Amino acid sequence: AQSITGLEFEPNFSWIKQRNADRSNGLYDVVRGATNVLLSNSTSVELTSSQRLSAFNSSGFDVGTDTLTNQSAGSYVAWNWKANGAGVSNTDGSITSTVSANQDAGFSIVTYTGTGANATVGHGLGVAPSMVITKPRNSADNWISWHTALGATGYIYLNLTNASANAAAVWNSTLPSSTVFSIGTSSNINSSGQTQVAYCF
């Protein structure tokens, strides 16, 4: 185990990938908890282990002994973002979300629980995001992503090679606003009782 340091800030979101082995991308954030990982190339549910990333520190993060983050002689890259700490309740949308937002950097981490009905979710940025990446945490479903170039019904899978597609049930045919993004009835983004994370840029 070791501490990775050298950043000029305490990260709130880290995306880590081994460079010299065929291994998954691991995504970690402070709102879901540092020891919880989602794999961007997989539909798998959120996994928990302190042996991958165990904590965020004042200038980086701490890793355990798992090969996803700390194999002996492994070469790794980590992309890091600063949000705004552990997150606060946000009631801007019809669904209450937990949001850690860095408005200066234009980045926020959002968690919410799906309802199965058309809804809106607060993102905390103060301006409309240009990109949103979402993943169900407690069900094995695809990563659904959006970019402003895709329009109000467009989406693309982060974990698949499929071309972009269109469906009203994903974003409820509605572009994000300065306070919320909209979600439809798609099971990938809004099943009833489904815990979800969204990274907004």
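Preceding block: the structure.
Rules of the game
Residues numbered from 1 in each chain as written. Predicted model: local features only at pLDDT ≥ 70, side-chain atom pairs only at ≥ 80, totals over all residues. Heavy atoms only, no water. Helix = DSSP H or I, 4+ residues; strand = E, 2+ residues; numbered from the N terminus. Contact = heavy atoms within 4.5 Å. Areas by Shrake-Rupley, 256 points an atom, 1.4 Å probe, with all protein chains shown as cover. Lys, Arg positive; Asp, Glu negative; His and termini not counted. Charge placed at Lys NZ, Arg CZ, Asp CG, Glu CD. Pairing = 2+ DSSP bridges. Axes fitted to C-alpha atoms, helices over the stretch in contact; angles between N-to-C directions. Phe/Tyr/Trp six-rings, centres within 6.5 Å; stacked < 30°, edge-to-face > 60°. Buried < 20%, exposed > 50% of the residue type's maximum accessible area, 1.4 Å probe, protein only. Polar contact = N/O pair within 3.5 Å; in protein donor to acceptor, adjacent residues only side chain to side chain.

Engineer: Residue-level account of the overall build of the protein chain, with values.
Structural biologist: When helices and strands are tallied, the protein chain shows three helices and 18 strands. In terms of its C-alpha atoms, the protein chain occupies a principal-axis envelope of roughly 50 × 35 × 30 Å. For the protein chain, restricting intrachain contacts to residue pairs at least 6 apart in sequence, the fraction spanning at least 24 positions comes to 57%. Entry remark: accessible area of the protein chain is about 8,500 Å², with carbon and sulfur atoms responsible for 47%. Positive and negative side-chain charges in the protein chain, numbering 8 and 10 respectively, have mean positions lying 7 Å apart.

Engineer: Describe the sheet that holds strand β6 (residues 53-57), and please don't skip the residues or the numbers.
Structural biologist: Strand order in the open sheet formed by three strands is β1-β7-β6, with antiparallel pairing between adjacent strands. In this open sheet, the two strands that pair with only one neighbour each are β1 (2-4) and β6. Averaged over all pairs of adjacent strands, the angle between strand axes in this sheet comes to 20°, irrespective of strand direction. The pairing of β6 with strand β7 (residues 60-63) spans four bridges and is classified as antiparallel. Counterpart to N57 in the pairing with β7 is G60.

Engineer: Summarise the packing of aromatic side chains; cite the residues concerned and give the values.
Structural biologist: Ring pairs (aromatic) are described by centroid distance and by the angle formed between their planes. In the structure shown here, the tally under the stated rule is eight aromatic pairs. Judged by centre distance (5.0 Å) and plane angle (25°), the rings of F13 and W81 are stacked. Taken as a pair, F13 in strand β2 (residues 13-18) and W81 in strand β8 (residues 76-81) lie far apart in primary sequence, 68 residues in all. By relative accessible area, which is 1% here, F13 ends up buried. Accessibility expressed as a relative area gives 26% for W81, which makes it partly exposed. Cluster of aromatic residues (ring-pair linked, three or more members): F13, W81, F107, Y199 and F201.

Engineer: For the environment of N188, give the residues involved together with the corresponding values.
Structural biologist: Turning to its location among the elements, N188 is positioned in helix α3 (residues 187-190). Separated by 18 residues in the primary sequence, N188 and V170 place their C-alpha atoms 8.0 Å from one another. Among all residues touching N188, those that are not within four sequence positions of it are P136, D141, N142, I144, Y157, Q194 and Q196. Here D141 takes part through its side chain, which lies 3.3 Å from a polar atom of the side chain of N188.

Engineer: How would you sum up the sheet that holds strand β18 (residues 195-200)? Please name residues and give values.
Structural biologist: Here eight strands make up an open sheet; going across it, the order is β9-β10-β11-β18-β13-β14-β15-β16 and the pairing antiparallel. On the outer flanks of this sheet lie β9 (88-90) and β16 (165-166), each paired with one strand and no other. Of the strand pairs in this sheet, strand β13 (residues 131-136) and β18 are connected by five bridges, and their pairing is antiparallel. In the strand pairing of β18, T134 is matched with A198.

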